[in-house]
Amino acid sequence: MRLRNVKGSYELILENPYTIQADAVNPDNYKGLWNRNYFHNSHPIHIEIGMGKGQFITTLAKQNPGINYIGIEKYSSVLVKAFDKRKQLETDNLLFIRMEAENITDFFAPKETDRIYLNFSDPWPKDRHAKRRLTSRQFMERYNIILSANGFIQFKTDNRPLFDFSAREIKEAGWCIDEINYNLHKDGPAKDNIMTEYEQKFYMSGNPIYRLTAHRDVV
Ligand code: SAH
């Protein structure tokens, strides 16, 4: 019997020209070099952490060819589901990294990014796991390093306890909240918004969607 050589998602990522498998590369070949070596321009860099299957970031990339996008996802098996969308994209402004976001400062130089999107991040409901939440003070400190002076973060969730935690934590980390919205789609789908896969599901089942944006007080 002949064995079929079925490639796993880890291997598919190694072969994909738009995706970096973080544990197979030297981060120093990327850190501070995204625009010079990979996008070949000096456009702003916007990233999404926990991009899932990539609907949000591929839609943004298509709409905004003058911005460079990088999607980050920790699971290979999830990230490969974004490959078809990436393939159909006719612009050259979208890359993916398969990595654990805790290591984000290994891959981005101070001030290298201009915006960070966090969409429907894992809630980690147990108190002892609070530091794993992508809006914890530990993560805010990492964002503080890699964001440019005028950069900001935008966070969406359907999880009220996580949203309230995030608002508190973000303020305590010394950031200013610009928008805090407790029902983004109150009057039908919000206009200044792109729905993620999770958001579509929660919206259809009638759950309120929460959104906030925050920037630092830069002196
Ligand atoms: N943003 C997508 C997916 C939400 S689910 C959407 O809104 O539809 C949250 C995603 O974040 C999952 O795919 C999960 O694997 C990823 N994720 C959670 N914590 C992460 C981390 N620390 N680093 C990288 N990805 C993470």
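Residues numbered from 1 in each chain as written. Predicted model: local features only at pLDDT ≥ 70, side-chain atom pairs only at ≥ 80, totals over all residues. Heavy atoms only, no water.

Describing the pattern of salt bridges
Inspection of the entire model under this criterion finds nine salt bridges. Among the salt bridges present, the one from lysine 156 reaches glutamate 199, with a minimum N-O distance of 2.7 Å. Taken together, the residues span a long stretch of sequence, with lysine 156 in strand β6 (residues 147–157) and glutamate 199 in helix α9 (residues 197–204) at a distance of 43 residues. Judged on exposure class, the residue lysine 156 and its partner glutamate 199 are both buried. A salt bridge links aspartate 187 to lysine 186; the nearest nitrogen and oxygen atoms lie 3.9 Å apart. Across the pair, lysine 186 and aspartate 187 agree in class, each one exposed. In this structure, a network of salt bridges that share partners links the residues Arg137, Glu169 and Glu172. (Salt bridge = Lys/Arg side-chain N within 4 Å of Asp/Glu carboxyl O. Helix = DSSP H or I, 4+ residues; strand = E, 2+ residues; numbered from the N terminus. Buried < 20%, exposed > 50% of the residue type's maximum accessible area, 1.4 Å probe, protein only.)

Considering the domain arrangement of the chain
Each assigned domain of the chain is listed with its residue range as follows: domain 1 (1–106) and domain 2 (110–219). Computed from C-alpha atoms alone, the centre-to-centre distance between domain 1 and domain 2 is 21 Å. Each partner contributes residues to the interface: domain 1 has 26 residues there, and domain 2 has 22 residues. Carbon and sulfur atoms supply 61% of the area that domain 1 and domain 2 bury against each other, a total of about 2000 Å² over both sides. (Domains from an automatic or database assignment. Contact = heavy atoms within 4.5 Å. Buried area = accessible area lost by both parts, 1.4 Å probe.)

Quick look at the side chain of lysine 156
Given the relative accessible area of 0%, lysine 156 is considered buried. Separated by 2.7 Å, the side chains of lysine 156 and asparagine 193 make a polar contact. Here the side chain of lysine 156 touches glutamate 199 through a polar contact of 2.7 Å, side chain to side chain. Contacts of lysine 156, omitting those with residues within four sequence positions, involve Phe56, Leu118, Asn119, Phe120, Ser121, Leu184, Asn193, Ile194, Thr196, Glu199, Tyr210 and Arg211. (Polar contact = N/O pair within 3.5 Å; in protein donor to acceptor, adjacent residues only side chain to side chain.)

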